[in-house]
Amino acid sequence: MATIANSVAHPTLVSADPFVPAREQKNLHNRWHPDIPAVATVKPGQVFNVECVDWTGAQIGNNDTSDDIRDVDLTSVHNLSGPIAVEGAEPGDCLVVDILDVRPFDKMPWGYTGIFELENGGGLFAREFQSRAAKAIWDFKGVYATSRHIPGVRFAGVSHPGLIGTAPSAELLATWNKREGALIEAHANAVPPVAYGPLVPGAYVGQDLPDDVRAKIYREGARTIPGREHGGNCDIKNLSRGSRCYFPVFVKGANLSVGDLHFSQGDGELSFCGAIEMAGIVTFSTSIIKGGVEKFAMKQPIFLPSPVDPLYSAKLIFQGISVDYHGDGTQYNMDATVAYKQAALNAIAYLMKIGYTREQAYLLMSAAPVESHIGAIVDSPNACVTLALPLGIFEHDILPKDEGLKKLEFGQCAVRSDGVV
């Protein structure tokens, strides 16, 4: 007979409400800074839960317009839960983080994918498409996602934290701000910006802090948008349940933070908010390898992806090379980003032949378990990148036929209330 003896639930160290603005909640933060105190401390080996709001902090609704995407306040993102200190972790150690589970809140079984405005966020094709806000709402049923805004597809999610990392030291933070500041200065008029420097408006730490400490964090704190040496916003889609992460430690306790949860994502997260963004719960366990930074020559994190992966063996693969043949035809030398963009544009053009709008295809490529690989990066002048669409996610046949592709009607995703796309 089962008893409650010796049955202890894993503690939830950070609680969050997905329907309450992040700025009204405790134990969340949206900047990286060594002076942000840990909200809890765990022992190595302890299993614990962390609840997370979506990356915007409840700015996006389950509706049929993209006005909220258009108007989103990007000064206040990403909203992270933590930091969580690990007892015994010291600078130079390696923090081992086991991701035991990632799941949406039961009370919020939906997420969203967005295309952001050229002037407010952008995305991979912000300039090419002169991007205007659009979005798709996805409904979760167990492991599967479907969308009323992109009919004809259904796929299993590989849920993961898009953003996870340890706190920087003061020296590392200064390095980030110096090198990124120089890049911003060199491209001062870029739209969208090439990087985002420290910014007081929008900064938030949901803890009781002395005024001078809060002011320092807000003034110096690094934005959470890019990935860096500590991990951060790397958006690695296979870091789902069963994954193990090895992070360099820069401050006492390591101070782990997590957020930007994704139900699913394609390699590259094309549209900036390109995954199926969700609020939810992550279950962790941690351990420490003393002196791990030196032992493993760590300059950045090392990851062991999850053994759990949807089985989509049949794929339609699109190639791209480093020639801008969707634009002005410029030849680039071994530019894998250009090659990736060409592969993605080829796939989007193909999906439009089937009947999806450009916006729907862009969103789908961002959200579905699309795989991208570098095929060749040694044969000058063309890098070769491939992008694979899983055939099994479609409810209809998308393979090439002698007679061409059958064009179906899939409507349109959610767009701005003024109709601008």
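The structure we're discussing is the one just above.
Predicted model only: the values in this text are computed from it and were never measured.

Enquirer: Is there a simple way to think about the overall build of the chain in this case?
Expert: The helix and strand tally for the chain stands at 7 helices and 22 strands. Taking 22 Å as the expected radius of gyration for a compact globule of 421 residues, we find that the chain reaches 22 Å, a close match to that expectation. The principal-axis extent of the C-alpha atoms belonging to the chain is close to 65 × 65 × 45 Å. By residue count, 54% of the 421 residues in the chain fall in the buried class. Restricting the contact set of the chain to residue pairs at least 6 apart, pairs at least 24 apart contribute 80%. Looking at the chain as shown, the accessible area adds up to about 17800 Å², and 54% of this sits on carbon and sulfur atoms.

Enquirer: What is the right way to look at the environment of Phe 116 in this model?
Expert: Relative to the helices and strands, Phe 116 resides in the loop between strand S7 (110-115) and helix H2 (126-129). The sequence separation of Phe 116 and Phe 303 amounts to 187 residues, and the corresponding C-alpha distance is 29 Å. Sequence-distant contacts of Phe 116, that is, excluding residues within four places in its chain, are made with Trp 55, Ile 69, Val 72, Leu 74, Gly 121, Gly 122, Ser 131, Ser 271, Phe 272 and Cys 273.

Enquirer: Where do I start with the sheet that holds strand S19 (residues 315-321) in this structure?
Expert: Reading across from one edge, S19-S21-S20 is the order of the 3 strands in this open sheet, with antiparallel pairing throughout. Two strands bound the open sheet, and with one partner strand each, they are S19 and strand S20 (371-376). Across the sheet, the axes of successive neighbouring strands diverge by a mean angle of 25 degrees, strand direction being ignored. Two elements, S20 and strand S21 (residues 384-390), share 5 bridges in a ladder whose sense is antiparallel. By the bridge assignment, Ile 374 is partnered in S21 with Val 385.

Enquirer: I tried to follow the sheet that holds strand S18 (residues 302-304) on my own but got confused; where do I start?
Expert: Think of a sheet as strands paired side by side through backbone hydrogen bonds, with each pair either parallel or antiparallel. The strand order across the open sheet built from 6 strands is S1-S4-S17-S6-S14-S18, with neighbouring strands paired in mixed fashion. Each having just a single partner strand, strand S1 (12-14) and S18 make up the two edges of the open sheet. Neighbour-to-neighbour, the strand axes of the sheet open up by a mean angle of 30 degrees, direction not taken into account. Pairing analysis gives 10 bridges linking strand S6 (residues 94-104) to strand S17 (residues 280-289), with the strands arranged antiparallel. For Arg 103, the partnering residue across the bridge sits in S17 and is Ile 281.

Enquirer: Explain the packing of aromatic side chains to me, please; I cannot follow it from the model alone.
Expert: Aromatic rings considered in pairs are described by the distance between their centres and by the relative angle of their planes. A complete count under the given rule lists 12 aromatic pairs for this structure. Plain terms: the ring middles of Phe 247 and Phe 303 are 6.1 Å apart, the flat faces sit at 80 degrees to each other, and that makes the pair edge-to-face. Of the two residues, Phe 247 is situated in strand S14 (residues 243-248) and Phe 303 in strand S18; the sequence distance between them amounts to 56 residues. On the basis of relative accessibility, which here comes to 0%, the residue Phe 247 falls in the buried class. The ring of Trp 176 has Arg 228 lying over it, and the distance from NZ or CZ to the ring centre is 4.7 Å.

Enquirer: Looking at this structure, how should I read a nonpolar patch on the surface?
Expert: There is a patch of nonpolar side chains on the surface, built from Ile 374, Ile 377 and Val 378 and spanning about 310 Å² of accessible area. Note on placement: Ile 377 falls in the loop between S20 and S21.

Enquirer: What's the story with the side chain of His 262 in this structure? I'm lost.
Expert: Relative to the assigned elements, His 262 resides in strand S15 (residues 256-262). A distance of 3.1 Å separates a polar atom in the side chain of His 262 from a polar atom in the side chain of Asp 260. Separated by 3.0 Å, the side chains of His 262 and Gln 265 make a polar contact.

Cut-offs and rules
- Residues numbered from 1 in each chain as written.
- Predicted model: local features only at pLDDT ≥ 70, side-chain atom pairs only at ≥ 80, totals over all residues.
- Heavy atoms only, no water.
- Helix = DSSP H or I, 4+ residues; strand = E, 2+ residues; numbered from the N terminus.
- Rg over C-alpha atoms; globule rule 2.2 N^0.38 Å.
- Buried < 20%, exposed > 50% of the residue type's maximum accessible area, 1.4 Å probe, protein only.
- Contact = heavy atoms within 4.5 Å.
- Areas by Shrake-Rupley, 256 points an atom, 1.4 Å probe, with all protein chains shown as cover.
- Pairing = 2+ DSSP bridges.
- Axes fitted to C-alpha atoms, helices over the stretch in contact; angles between N-to-C directions.
- Phe/Tyr/Trp six-rings, centres within 6.5 Å; stacked < 30°, edge-to-face > 60°.
- Lys NZ or Arg CZ within 6 Å of the ring centre and 35° of its normal.
- Patch = residues over 30% accessible without salt bridge, like charges linked within 9 Å, V, L, I, M, F, W, Y side chains within 5 Å.
- Salt bridge = Lys/Arg side-chain N within 4 Å of Asp/Glu carboxyl O.
- Polar contact = N/O pair within 3.5 Å; in protein donor to acceptor, adjacent residues only side chain to side chain.

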